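Close look at the chain arrangement
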Amino acid sequence: MMLRRQGDQNGVILIALVWVLVALSVLALSFARESFVEVSAARNDRDLAEAYYTARAGMAATIYQLWGKRYAPRVRQLELPEEPDAVDLGKVTGHFGTGTYEVEIQDESGKINLNFVPEELLRSALEVAGIEKTDADVIADSIMDWRDIDSAHHLNGAEDDYYQGLEPPYKAKNGRFDTVEELLLVRGVTRDYFFGRQERDPEGNIVQRYGLSRYFTVYTTSNRINVNYAPLEVLLAVPGMPPEAARVIYERRLARPFADLGEVTNELPTALGPTTLPFLTVTPTGFYTLTAAGQKDGSKVKRVIRAVINLDVREATKYRILYWNENIANL
């Protein structure tokens, strides 16, 4: 009896020890997992910081190159190679420390000025953006109501009486747009219309629709569009622009920017009419949107910064920052 009781006690102790070992194992795994998560988070924070400063470095290097090309002495400009460089083609890449950067350059004159766009060009841009006519009519009329100085609204537009009924309520601007992001306050402009969206074409394929944020600008002082920087979608929106001509202009400028409008007309398969040419230019403005993406070598973490700058010799830095956004989604 004593031996049996002692055996039972030994069995209970063994089971208890097994449970203790299981509990300790679970705790150890839990601590290991927490440590792994903390290490991964610390690594991501480090990579994000390095990616951020790499993007900043890319931004600074690109501004330096832009300024050098824009204000190089005339003699120096004649000595520059005829072949377009990275700045001419709108994309600068490079290394900084242990990371790489890629900076997309877009002259703001390659977009449509939101404050000066004629109604014809505005409606054409909304059509090219794939916005249904009913919504496009509301957006076009509401944009014109937002920027005009009176309180009378267009047929499909909106003034204070509409915006005051929203939650939270606000008033119509009745003045010029200060930023393109103001479009998000305008009646009919959804986030999908503004930032872009995916749709299916008639064949059932998924296509990415261009967002209105990439059509418009508020930084130029003209309604002319620079063919050397205009995205294909913006070229297609120019009144009277044949689609094939827009594609020829776009493909040609990717290889070699146009020196003047004469080159544009000489290389097109079809002539551009009098309703189209007045909207085109090759003259740069000195206003640029720079989108800089930085990434540490061997890491998937990326930081993207977007800025609008104006090259200005009157500034101590030779340029002014008009817009700065460090919360851009990864490209």
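Residues numbered from 1 in each chain as written. Predicted model: local features only at pLDDT ≥ 70, side-chain atom pairs only at ≥ 80, totals over all residues. Heavy atoms only, no water.

Taken as a whole, this structure holds 19 salt bridges when the rule is applied. The partner of Asp137 in a salt bridge is Lys133, with the nearest N and O atoms 2.9 Å apart. Here Asp137 and its partner Lys133 are both found in helix α5 (residues 133-147), 4 residues apart, which amounts to about one turn of the helix. A residue is classified by how much of its surface remains accessible, and Asp137, at 19% relative accessible area, is buried. Ionic pairing is found between Asp178 and Lys173, a salt bridge with its closest N-O pair at 3.0 Å. Lys173 gets classed as partly exposed once you look at its relative accessible area, which sits at 30%. (Salt bridge = Lys/Arg side-chain N within 4 Å of Asp/Glu carboxyl O. Helix = DSSP H or I, 4+ residues; strand = E, 2+ residues; numbered from the N terminus. Buried < 20%, exposed > 50% of the residue type's maximum accessible area, 1.4 Å probe, protein only.)

It is worth spelling out the nonpolar core at this point. Note on soluble globular proteins: their nonpolar side chains tend to be buried together. Grouped together as the largest cluster of nonpolar side chains are 53 residues, with contacts concentrated most on Leu183, Leu212 and Phe216. Looking at this core, the elements with two or more residues in it are α4 (119-128), α5, α7 (191-195), α8 (232-237) and α9 (243-255). Looking at this core, the element that brings in the most residues is α5, giving 6 residues. Aside from chain neighbours lying at most four places away, what touches Leu212 is Leu126, Ala129, Ile131, Leu183, Tyr193 and Phe194. Judged by nonpolar contacts, the second largest core, of 18 residues, contains Ile105, Ala307, Ile309 and Leu311. (Core = buried A, V, L, I, M, F, W, Y, C linked by side-chain atoms within 4.5 Å. Contact = heavy atoms within 4.5 Å.)

In space, the 5 strands of this open sheet follow the order β1-β2-β9-β10-β11, with antiparallel pairing throughout. Of all strands in the sheet, those with a lone pairing partner are β1 (91-96) and β11 (319-325), marking the two edges. Averaged over all adjacent pairs, the angle separating strand axes in this sheet is 25°, with direction ignored. Alignment of strand β10 (residues 302-311) against β11, held across 6 bridges, turns out to be antiparallel. Bridge assignment links Asn310 to a residue of β11, and that residue is Arg320. (Pairing = 2+ DSSP bridges. Axes fitted to C-alpha atoms, helices over the stretch in contact; angles between N-to-C directions.)

This part is about α9. Look at α9: 19 Å from first C-alpha to last across 13 residues, which is about the 18 Å you get at 1.5 Å a residue. Taken together, the buried positions of α9 are Ala245, Ala246, Ile249, Arg252 and Arg253. Angular distribution of buried residues about the axis of α9 spans 140°; they occupy a single face of the element. Within α9, the exposed residues directed more than 90 degrees away from the buried face are Glu251 and Ala255. Of the surrounding elements, those touching the buried residues of α9 are α3 (86-89), α8 and α10 (261-266). (Expected span 1.5 Å × (residues − 1). Arc of directions from axis to C-beta.)

The next point concerns the confidence of the model for the protein. Across the protein, the average pLDDT comes to 86, with 89% of residues at or above 70. Every residue in residues 74-78 scores below 50 in pLDDT, and together they form 3 contacts with partners more than four places removed in sequence or on other chains. (pLDDT = per-residue confidence, 0-100.)

This part takes up the environment of Ile143. Relative to the assigned elements, Ile143 resides in helix α5. In this structure Ile143 comes out as buried when scored by relative accessible area, which is 0%. For the pair formed by Ile143 and Val189, sequence separation is 46 residues and the distance between their alpha carbons is 9.5 Å.

Attention now moves to the packing of aromatic side chains. Counted by the stated rule, this structure contains 9 aromatic pairs. Aromatic side chains Trp146 and Tyr170 sit 6.4 Å apart centroid to centroid with 70° between the ring planes, which places their arrangement in the edge-to-face category. Of the two residues, Trp146 sits in helix α5 while Tyr170 sits in the loop between α6 (160-163) and α7, which places them 24 residues apart along the sequence. Aromatic ring contacts, followed pair by pair, group Trp146, Tyr162, Tyr163, Tyr170 and Phe177 into a single cluster. The lysine or arginine in question, Arg187, covers the ring of Tyr162, its NZ or CZ lying 4.8 Å from the ring centre. For Arg252, the ring lying beneath its charged end belongs to Phe258, and the centroid distance is 4.4 Å. (Phe/Tyr/Trp six-rings, centres within 6.5 Å; stacked < 30°, edge-to-face > 60°. Lys NZ or Arg CZ within 6 Å of the ring centre and 35° of its normal.)

In this section: α4. All of the buried residues in α4 are Leu121, Leu122, Ser124, Ala125 and Leu126. Buried positions along α4 lie against β3 (112-113), α5, β6 (216-217), β7 (225-226) and α8. Downstream of α4 by a residue or two, Gly130 has a phi angle that is positive, lying close to 80°.

Quick look at the side chain of Asn226 now. Mapped onto the elements of the fold, Asn226 is located in strand β7. By relative accessible area, which is 1% here, Asn226 ends up buried.

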